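Coordinates in review
As a plain string of letters, each chain reads:
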Amino acid sequence: RELESKVFYNERKTLEENEEILKKELVRDIKIKYLEWVYTFKKEKVLLDIKSEIERLEHMAKVNYTYGKATLSDILSLKGEVLKISKEIESLKELRGKLKEEIDYLVGKSFELKGEDVKLPHADFNIDLDNTVYLKRLKAELSTLRAELQRKKVEHLPDFEVMVEYMARP
């Protein structure tokens, strides 16, 4: 019984370590989705700036066309670029909505995102291997296997039951 309880205790430790890993991975996934969501705003701003520049070029090409310094194909190619940028902006808005839904799913409820700039701290990659959650999980699994091995070593032995009884004989 003692060996069996050690096995179950070690299995519980393994499950706790797996739970810790899943929590950290969930937080990581939420952070990545949020960074992608913020990135869509920055990309949209850049695309809107490009679109406004192309529209200015298109206006200048129309003016130059009236003086014979530009061709109709120049104007049409600029209109095509404006349409292409507009389509990219629309797909970006759809992606932003999809990312918001994924974040809501990961968090478990719907809430409003602020879209603040993210300041990432300087990464320090001096990893303490003894305290990583992945190695803790492996160590817990190893201790579970050792406890099971100890239990298996004595499992095949027979159980003896010794009883002593006092009897009065005439």
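Residues numbered from 1 in each chain as written. Predicted model: local features only at pLDDT ≥ 70, side-chain atom pairs only at ≥ 80, totals over all residues. Heavy atoms only, no water.

1. Some remarks on helix α2 (residues 72-107)
For α2, with 36 residues, the first-to-last C-alpha span of 53 Å sits near the 52 Å given by 1.5 Å per residue. Within α2 the residues assigned to the buried category are I75, L78, V82, I85, I89, L92, R96, L99, K100, I103 and D104. Positioned one or two residues after α2, G108 has a phi angle of 105°, which is positive. (Helix = DSSP H or I, 4+ residues; strand = E, 2+ residues; numbered from the N terminus. Expected span 1.5 Å × (residues − 1). Buried < 20%, exposed > 50% of the residue type's maximum accessible area, 1.4 Å probe, protein only.)

2. Notes on the pattern of salt bridges
Scanning all chains against the criterion turns up 12 salt bridges. Note that E44 and R96 form a salt bridge whose closest N and O atoms lie 2.5 Å from each other. Linking E44 in helix α1 (residues 2-66) with R96 in helix α2, this pair joins segments that are 52 residues apart in sequence. On the basis of relative accessible area, R96 is assigned to the buried category, the value being 12%. (Salt bridge = Lys/Arg side-chain N within 4 Å of Asp/Glu carboxyl O.)

3. Some thoughts on the packing of α1 against α2
For any two helices packed against each other, one specifies the crossing angle of their axes together with the interaxial distance. α2 packs onto α1 with a crossing angle of 165° between their chain directions and a minimal axis gap of 9 Å. Our classification of the angle between α1 and α2 gives roughly antiparallel. α1 and α2 meet at a crossing whose hand is left-handed. Residues of the contact of α1 with α2, tallied by class, amount to 24 nonpolar, 2 polar and 16 charged. (Axes fitted to C-alpha atoms, helices over the stretch in contact; angles between N-to-C directions. Parallel < 35°, antiparallel > 145°, perpendicular 65-115°, else oblique. Left-handed = near helix turned anticlockwise from the far one by under 90°. Nonpolar A, V, L, I, M, F, W, Y, C, P; charged D, E, K, R; others polar.)

4. Notes on the environment of V46
Here V46 shows up in helix α1. Sequence separation between V46 and N64 is 18 residues, and the spatial gap between their C-alpha atoms is 27 Å.

5. Focus: a nonpolar patch on the surface
On the surface, a cluster of nonpolar side chains totalling about 300 Å² of accessible area is made up of Y65, L72 and L76. Mapped onto the secondary structure, L72 falls in helix α2. (Patch = residues over 30% accessible without salt bridge, like charges linked within 9 Å, V, L, I, M, F, W, Y side chains within 5 Å. Areas by Shrake-Rupley, 256 points an atom, 1.4 Å probe, with all protein chains shown as cover.)

6. Quick look at the nonpolar core
In terms of nonpolar packing, the biggest core is built from 9 residues, these being L47, I54, A61, I75, L78, V82, I85, I89 and L92. Those elements giving two or more residues to this core turn out to be α1 and α2. It is α2 that provides the largest number of residues to this core, a total of 6 residues. Other than its neighbours up to four places away in sequence, L47 contacts I85, E88, I89 and L92. With 6 residues, the next largest nonpolar core counts Y34, W37, L99 and I103 among its residues. (Core = buried A, V, L, I, M, F, W, Y, C linked by side-chain atoms within 4.5 Å. Contact = heavy atoms within 4.5 Å.)

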